[in-house]
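# Geometric and topological summary
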Amino acid sequence: VQLQASGGGLVQAGDSLRLSCAASGRTFSNYGMGWFRQAPGKEREFVAAISSYGSRLYNVDSVKGRFTISRDDAKNAVYLQMNSLKPEDTALYYCSAVWSVRLDPPTQHQEYDYWGQGTQVTVSS
């Protein structure tokens with residue numbers, strides 16, 4: 001599986017962005033998909049994930065209520081809608097994939113096998 005993330009940019013606090021991740025492969029619907037982010041000097045952080053069944057999990061402390069993950073299996077794509085952005089959301093955002101039939105998606109980066117190249121999100125105050 002090859003992943004290509006896009007949609008990042010420079011925005012002001014309170015703005016919205018929609019990240020997209022396009023995936024190659026014929027069995028995309030069998031993959032759990034995740035979004036992670038990494039700010040300079042910090043460890044990679046779980047943001048959100050969606051299972052092959054559509055079950056969603058979020059990093060409650062950081063993004064719950066502001067971010068929404070979704071997937072379109074017909075387009076082999078996963079999205080991250082980010083609203084009410086804050087300066088602390090500034091990071092390089094990665095999409096990830098793992099073949100999984102679990103009802104709930106993995107939330108640890110070690111559980112994912114495939115990674116995109118990342119798209120930069122910068123939120124100014």
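In what follows, the structure referred to is the one given above.
For the structure given in this document, a descriptive report is provided here. Everything numeric here is computed off the predicted structure, so don't read it as measured data.

Quick notes on the rules
- Residues numbered from 1 in each chain as written.
- Predicted model: local features only at pLDDT ≥ 70, side-chain atom pairs only at ≥ 80, totals over all residues.
- Heavy atoms only, no water.
- Helix = DSSP H or I, 4+ residues; strand = E, 2+ residues; numbered from the N terminus.
- Rg over C-alpha atoms; globule rule 2.2 N^0.38 Å.
- Buried < 20%, exposed > 50% of the residue type's maximum accessible area, 1.4 Å probe, protein only.
- Contact = heavy atoms within 4.5 Å.
- Areas by Shrake-Rupley, 256 points an atom, 1.4 Å probe, with all protein chains shown as cover.
- Lys, Arg positive; Asp, Glu negative; His and termini not counted.
- Charge placed at Lys NZ, Arg CZ, Asp CG, Glu CD.
- Disulfide = S-S within 2.5 Å.
- Core = buried A, V, L, I, M, F, W, Y, C linked by side-chain atoms within 4.5 Å.
- Pairing = 2+ DSSP bridges.
- Axes fitted to C-alpha atoms, helices over the stretch in contact; angles between N-to-C directions.
- Salt bridge = Lys/Arg side-chain N within 4 Å of Asp/Glu carboxyl O.

Secondary structure assignment for the chain yields 1 helix and 11 strands. For the chain, the C-alpha radius of gyration of 13 Å lies close to 14 Å, the compact-globule estimate for 125 residues. Reported as C-alpha extents along the three principal axes, the dimensions of the chain are approximately 40 × 25 × 25 Å. Burial status across the chain gives 44% buried among its 125 residues. When contacts within the chain are restricted to residue pairs at least 6 apart in sequence, those whose partners lie at least 24 apart make up 59%. In the structure as shown, the chain presents an accessible area of about 6400 Å², 46% of it carried by carbon and sulfur atoms. Side chains of the chain give 12 positive and 11 negative charges; the mean places of these two sets differ by 4 Å.

Okay, the state of the cysteines next. Evaluation of the coordinates by the stated rule reveals 1 disulfide. The disulfide that involves cysteine 21 links it to cysteine 95, with 2.1 Å between the sulfurs. Around the S-S axis, the bridge from cysteine 21 to cysteine 95 shows a dihedral of about 60 degrees and counts as right-handed. Within this pair, whereas cysteine 21 is found in strand β3 (residues 17-23), its partner cysteine 95 is found in strand β9 (residues 91-99), the two being separated by 74 residues in sequence.

Further remarks concern the nonpolar core. Counting residues in each nonpolar core, the largest one holds 29 residues, and the members touching the most others are Met33, Trp35, Leu80, Met82 and Tyr93. Of all the secondary-structure elements, those providing two or more residues to this core are β1 (3-6), β3, β4 (31-38), β5 (45-50), β7 (67-72), β8 (77-82), β9 and β11 (119-124). Apart from residues lying up to four places away in sequence, leucine 80 is in contact with Leu17, Arg18, Leu19, Trp35, Val47, Ala48, Phe67, Thr68, Ile69 and Tyr93. With 5 residues, the next largest nonpolar core counts Phe36, Ala49, Val98 and Tyr112 among its residues.

Spatially, the 4 strands line up as an open sheet ordered β1-β3-β8-β7, and their pairing is antiparallel. On the outer flanks of this sheet lie β1 and β7, each paired with one strand and no other. Averaged over all pairs of adjacent strands, the angle between strand axes in this sheet comes to 15 degrees, irrespective of strand direction. Here β1 runs beside β3; their pairing, made up of 4 bridges, is antiparallel. Note that in β3 the partner of leucine 3 across the bridge is alanine 23.

Moving on: the environment of proline 87. Within the secondary structure layout, proline 87 lies in the loop between β8 and β9. Given the relative accessible area of 33%, proline 87 is considered partly exposed. Apart from the residues within four sequence positions on either side, proline 87 is in contact with Ala13, Val123, Ser124 and Ser125.

What follows deals with the pattern of salt bridges. For the structure shown, the criterion picks out 5 salt bridges. In this structure, the salt-bridge partner of aspartate 73 is arginine 71, at a minimum N-O distance of 2.8 Å. Put simply, arginine 102 and glutamate 111 hold a salt bridge, and the shortest N to O gap is 3.0 Å. Here arginine 102 falls in the partly exposed class, since its relative accessible area comes to 41%. Judged by relative accessible area, which is 31%, glutamate 111 ranks as partly exposed. One salt-bridge network, held together by shared partners, links Arg37, Glu45, Arg66 and Asp89.

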